[in-house]
Amino acid sequence: MEGEGGRRRARRVRSDGGAGALLVMCLVFCVMVRPCVGSDIELDDALAPTQPGCSNSFVLVKIRNWIRGQEEPEVVGVSARFGKLVSDHEEEKHSVPLAKLDPEDACTDSIKPLQGYAALVRRGNCSFTTKARVAQKAGAVALLIVNHKQELYKMICSDNDTFQDINISSVMLPNSAGNSLDRALHANYEVRVLHYSPSRTVVDIGEVFLWLMAVGTILSASFWSAWTAKEEHYRRMKERPELSGDVPAEAGDSEKMDTDDVIDINVLSAVLFVLLASAFLLLLYFYMSVWFMRVLIILFCIGGFEGLQTCLVSLLCRWFPKAGATFINVPLVGSVSLLALCLSPICLAFSVVWGVFRLNSYAWIGQDILGIALILTVLQIVRLPNIKVSTVLLSCAFLYDVFWVFISPTFFHESVMIVVARGDKSDGEAIPMLLKVPRLYDPWGGYSIIGFGDILLPGLLVSFCLRYDWTARKSLYRGYFLWSTVGYGLGLFLTYVALNAMNGSGQPALLYIVPCTLGTVLLLGWWRGELRSLWFKGDSLDQFSFDSSGRSPTD
């Protein structure tokens with residue numbers, strides 16, 4: 001009885017510990033079924049009009065600058081639809097002096113010649129093409145236009161005109177960078193600039209590492225989930241010997257066996273998930289702000305703390321069984337194991353330190369650790385009972401991703417998913433519910449990223465496949481786990497191929513992952529004649545066939 005009481009308490013503590021993570025993951029699901037978003041080397045220009053002399057792609061441009069011979073931090077701007085294409089390489093000897101036109105708005109002919117100079121002007125009072133023509137007529141070799149906002153603006157051409165006469169490059173600068181150059185010129189300092197738009201590497205080691213991290217997380221979560229289900233079933237067989245014999249179990253026994261620890265998704269909840277995800281995405285799109293971002297960061301820290309604690313307790317309880325089996329009543333919390341109580345301050349400190357230093361260059365390491373722990377915990381708690389639910393969930397998520405990335409610009413004039421993912425309305429700070437790795441060999445730097453939803457949703461299917469294979473006593477090659485894992489890896493690989501082929505434009509990862517995972521399982525099930533079993537029975541434990549020792553024939 002004492003052993004059963006201890007097990008009951010352990011189950012209760014594990015459920016309570018996962019409740020916070022599950023609560024956060026409801027929010028994560030709403031946010032993070034999202035595309036892998038690369039650095040915006042090339043901006044979305046599908047809606048910008050094209051005319052003769054006005055058909056350039058919008059590309060980000062690096063501007064190196066020297067003030068009184070001292071190199072200052074590099075500035076990033078965006079090229080114009082018109083004019084000369086920006087070079088993709090830099091040569092310091094080709095830097096040019098910078099000066100302002102007179103009048104400074106460049107809306108009328110300048111009385112000040114700028115032969116061999118780059119011209120600095122401010123946005124406003126006339127069209128961009130007018131400014132470019134005035135600067136070119138004054139002898140300028142390039143035009144830098146300072147925006148009145150910090151955001152970059154795409155410079156397009158006016159209607160009903162041709163622009164083949166403009167043969168200098170034009171670049172839009174953010175307000176802060178332009179003001180810095182303007183102040184230096186106002187102080188009569190010598191300012192030189194060099195602008196170029198380097199091509200990104202085809203494959204970066206960061207993408208390879210992120211691929212391995214995503215696939216490894218799903219493999220770890222799948223084995224943890226399957227092993228826990230198997231141990232739980234063996235324990236039930238010892239406690240209920242009648243379940244292992246020829247006596248049929250009472251109706252619902254197999255469904256009740258894991259209700260203490262596991263939440264099974266049904267068809268209704270799968271559909272509601274996508275509807276709630278859409279509603280929350282719109283909420284973020286319309287009302288995202290700095291304070292809203294801080295709320296998301298706090299929720300992520302809470303979820304990361306819960307996930308990290310759950311993972312460490314599950315890992316260390318095998319080495320410290322007495323600490324894991326000793327429980328202490330904590331006010332407002334309830335019965336908590338001594339091991340969890342000892343690990344809580346460490347996990348809490350880790351989450352808080354990340355939250356405080358999250359903007360530092362090395363913070364991605366802590367974010368990935370918290371994120372992986374959170375994903376592992378959720379995939380341990382939340383499960384798919386059969387392929388029917390999986391098909392509904394992943395199909396809805398597939399449509400959700402495609403709609404909010406590709407179709408939403410029809411209604412909102414911009415991709416809602418990409419705007420939210422980039423943090424355009426929160427001072428550029430992206431939501432933290434993602435794994436990211438620095439792009440080590442990319443001249444633009446930045447991060448390769450993947451949202452939690454792009455790991456969690458396929459991970460639910462892969463975990464189900466492993467549990468089904470163990471339940472149905474399938475070999476590795478004749479089962480579904482191996483092929484669903486291969487499908488996930490292939491789908492994620494295709495996502496990065498598309499990301500590079502589209503010059504860094506945002507891609508919905510589930511567009512490639514869902515057909516490669518769910519499609520593979522459904523096709524294999526149909527080919528083998530097992531689709532009905534997958535569709536209705538799934539990994540139901542009443543499919544086990546045990547001998548008198550309580551072990552399955554495969555053990």
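Criteria and cut-off values
Residues numbered from 1 in each chain as written. Predicted model: local features only at pLDDT ≥ 70, side-chain atom pairs only at ≥ 80, totals over all residues. Heavy atoms only, no water. Salt bridge = Lys/Arg side-chain N within 4 Å of Asp/Glu carboxyl O. Helix = DSSP H or I, 4+ residues; strand = E, 2+ residues; numbered from the N terminus. Buried < 20%, exposed > 50% of the residue type's maximum accessible area, 1.4 Å probe, protein only. Patch = residues over 30% accessible without salt bridge, like charges linked within 9 Å, V, L, I, M, F, W, Y side chains within 5 Å. Areas by Shrake-Rupley, 256 points an atom, 1.4 Å probe, with all protein chains shown as cover. Axes fitted to C-alpha atoms, helices over the stretch in contact; angles between N-to-C directions. Parallel < 35°, antiparallel > 145°, perpendicular 65-115°, else oblique. Left-handed = near helix turned anticlockwise from the far one by under 90°. Contact = heavy atoms within 4.5 Å. Nonpolar A, V, L, I, M, F, W, Y, C, P; charged D, E, K, R; others polar. Disulfide = S-S within 2.5 Å. Pairing = 2+ DSSP bridges. Phe/Tyr/Trp six-rings, centres within 6.5 Å; stacked < 30°, edge-to-face > 60°. Lys NZ or Arg CZ within 6 Å of the ring centre and 35° of its normal. pLDDT = per-residue confidence, 0-100. Core = buried A, V, L, I, M, F, W, Y, C linked by side-chain atoms within 4.5 Å. Expected span 1.5 Å × (residues − 1). Polar contact = N/O pair within 3.5 Å; in protein donor to acceptor, adjacent residues only side chain to side chain. Right-handed = clockwise from strand over helix to strand, strands pointing away.

A. Layout of the pattern of salt bridges. One pass over the structure, following the stated rule, counts ten salt bridges. The partner of Asp182 in a salt bridge is Arg122, and the shortest N-O contact between them spans 3.2 Å. Here Arg122 lies in strand E5 (residues 118–122) and Asp182 lies in helix H3 (residues 175–186), a separation of 60 residues in the sequence. Here Asp182 falls in the buried class, since its relative accessible area comes to 17%. The salt bridge involving Arg133 is made with Asp165; its shortest N-O contact spans 2.8 Å. You can see Arg133 sitting in helix H2 (residues 128–137) and its partner Asp165 sitting in the loop between strand E6 (142–146) and strand E7 (169–173), a full 32 residues away along the chain. Sharing partners across several salt bridges, the network here consists of Lys100, Glu104, Arg122 and Asp182.

B. Here's a closer look at unusual backbone geometry. A cis geometry characterises the amide bond from Asp102 onward to Pro103, with omega recorded as 10°. Phi angles above zero are rare outside glycine, and Arg68 is one such case at about 55°. Looking at the secondary structure, you find Arg68 in the loop between strand E2 (60–67) and strand E3 (70–79).

C. Looking closely at a nonpolar patch on the surface. Nonpolar side chains collect at one region of the surface, where Leu348, Phe350, Val352, Val353, Val356, Phe357, Tyr362, Ile365 and Ile369 lie side by side and expose about 820 Å² of accessible area between them. One can find Phe350 in helix H9 (residues 338–356). Judged by its relative accessible area of 31%, Phe350 falls in the partly exposed class.

D. Spotlight on the packing of H9 against helix H10 (residues 363–381). Between H9 and H10, whose axes approach to 10 Å, the crossing angle comes to 135°. One finds that H9 runs oblique with respect to H10. Of the two elements, H9 crosses H10, and the hand of that crossing is left-handed. On the side of H9, the interface is formed by Phe350, Ser351 and Trp354, while H10 contributes Ala363, Gly366, Gln367, Ile369 and Leu370. Looking at the contact of H9 with H10 residue by residue, the classes come out as five nonpolar, three polar and no charged.

E. A look at the state of the cysteines. Overall, the coordinates contain two disulfides when judged by the stated rule. Between the sulfur of Cys54 and that of Cys157 lies a disulfide, 1.9 Å long from S to S. An S-S torsion of about 105° defines the bridge between Cys54 and Cys157 as right-handed. One end of the pair, Cys54, is in the loop between strand E1 (35–36) and E2; the other, Cys157, is in the loop between E6 and E7, with 103 residues separating them in the sequence. A sulfur-sulfur separation of 2.1 Å characterises the disulfide bridge that pairs Cys107 with Cys126.

F. Broad picture of the side chain of Glu207. Mapped onto the fold, Glu207 is located in helix H4 (residues 205–239). Residue class for Glu207 comes out buried when judged on its relative accessible area of 5%. Beyond its immediate stretch of four places on either side in the chain, Glu207 contacts Val202, Arg439, Ser448, Tyr496, Leu499 and Asn500.

G. Highlighting the sheet that holds strand E4 (residues 96–100). Spatial strand order, E2-E3-E7-E6-E5-E4-E8: seven strands in a closed barrel with mixed pairing. For this sheet, the mean angle separating the axes of adjacent strands, direction not counted, is 40°. Lying on the sheet, H2 is in contact with E5, E6 and E7; it crosses E6 at an angle near 140°. Contacts between H3 and the sheet are confined to E2, E3, E4, E5, E6, E7 and strand E8 (191–196), with E5 contributing the most and set at about 115° to the helix.

H. Quick look at the environment of Gln115. Of note, Gln115 is situated in the loop between E4 and E5. Separated by 26 residues in the primary sequence, Gln115 and Val141 have C-alpha atoms spaced 7.5 Å apart. Here Gln115 is in contact with Ala138 and Gly139, once residues within four sequence places are set aside.

I. Representation of the pairing of strand E13 (residues 434–438) within the structure. E13 sits mainly inside the fold: five of its five residues count as buried. On E13, burial covers both faces: Leu434, Lys436 and Pro438 on one face and Leu435 and Val437 on the other are all buried. Where E13 and strand E14 (residues 447–451) come together, five bridges link them in antiparallel fashion. By the bridge assignment, Pro438 is partnered in E14 with Tyr447.

J. Highlighting the packing of aromatic side chains. Following the criterion strictly, the structure yields 15 aromatic pairs and no others. When the centroid spacing of 5.7 Å and the interplanar angle of 75° are considered together, the rings of Tyr285 and Phe412 count as edge-to-face. Remark: Phe412 occurs in helix H12 (residues 409–412) and Tyr285 occurs in helix H6 (residues 267–287); sequence separation between them is 127 residues. Owing to a relative accessible area of 24%, Phe412 belongs among the partly exposed residues under this scheme. Across the ring face of Tyr189, the terminal group of Arg68 is positioned such that the distance to the ring centre comes to 4.2 Å.

K. Geometry of the confidence of the model for the chain. Averaged over all residues, the pLDDT of the chain is 80; the fraction at 70 or higher stands at 80%. pLDDT under 50 marks residues 1–33. Its contacts with residues more than four places away, or in other chains, come to 73 contacts. Ignoring residues within four places in sequence, the model shows residues 542–555, a span with pLDDT below 50, making 28 contacts including any to other chains.

L. Structural detail: the nonpolar core. Core analysis: the largest hydrophobic core is formed by 83 residues, its most contacted members being Ile450 and Tyr488. In this structure Tyr488 touches Ala214, Val215, Ile218, Ile450, Asp454, Ile455, Pro458, Ile513 and Thr517, once residues within four positions along its chain are discounted. Core analysis: the next-biggest nonpolar cluster, separate from the first, contains 27 residues, Leu101, Phe128, Cys157 and Trp444 among them.

M. Layout of helix H11 (residues 387–407). Compared with an ideal rise of 1.5 Å per residue, which puts 21 residues at 30 Å, H11 spans 28 Å between its outermost C-alpha atoms and is within 8% of the ideal. Of the positions making up H11, those classed as buried are Ile387, Val389, Ser390, Thr391, Leu393, Leu394, Ala397, Tyr400, Asp401, Val402, Trp404 and Val405. Two or three places before Lys388, at the start of H11, stands the capping residue Asn386, its side-chain oxygen 3.2 Å from that residue's backbone nitrogen.

N. Layout of the pairing of E5. By the criterion of burial, E5 is predominantly enclosed, with four of the five residues buried. The pairing of E4 with E5 spans three bridges and is classified as parallel. Paired with Lys100 across the strands is Leu120, a residue of E5. Sheet topology note: the E5/E6 ladder contains five bridges and is parallel. The partner of Ala119 across the bridge, within E6, is Leu143. Remark: the E5/H2/E6 crossover connection has right-handed handedness.

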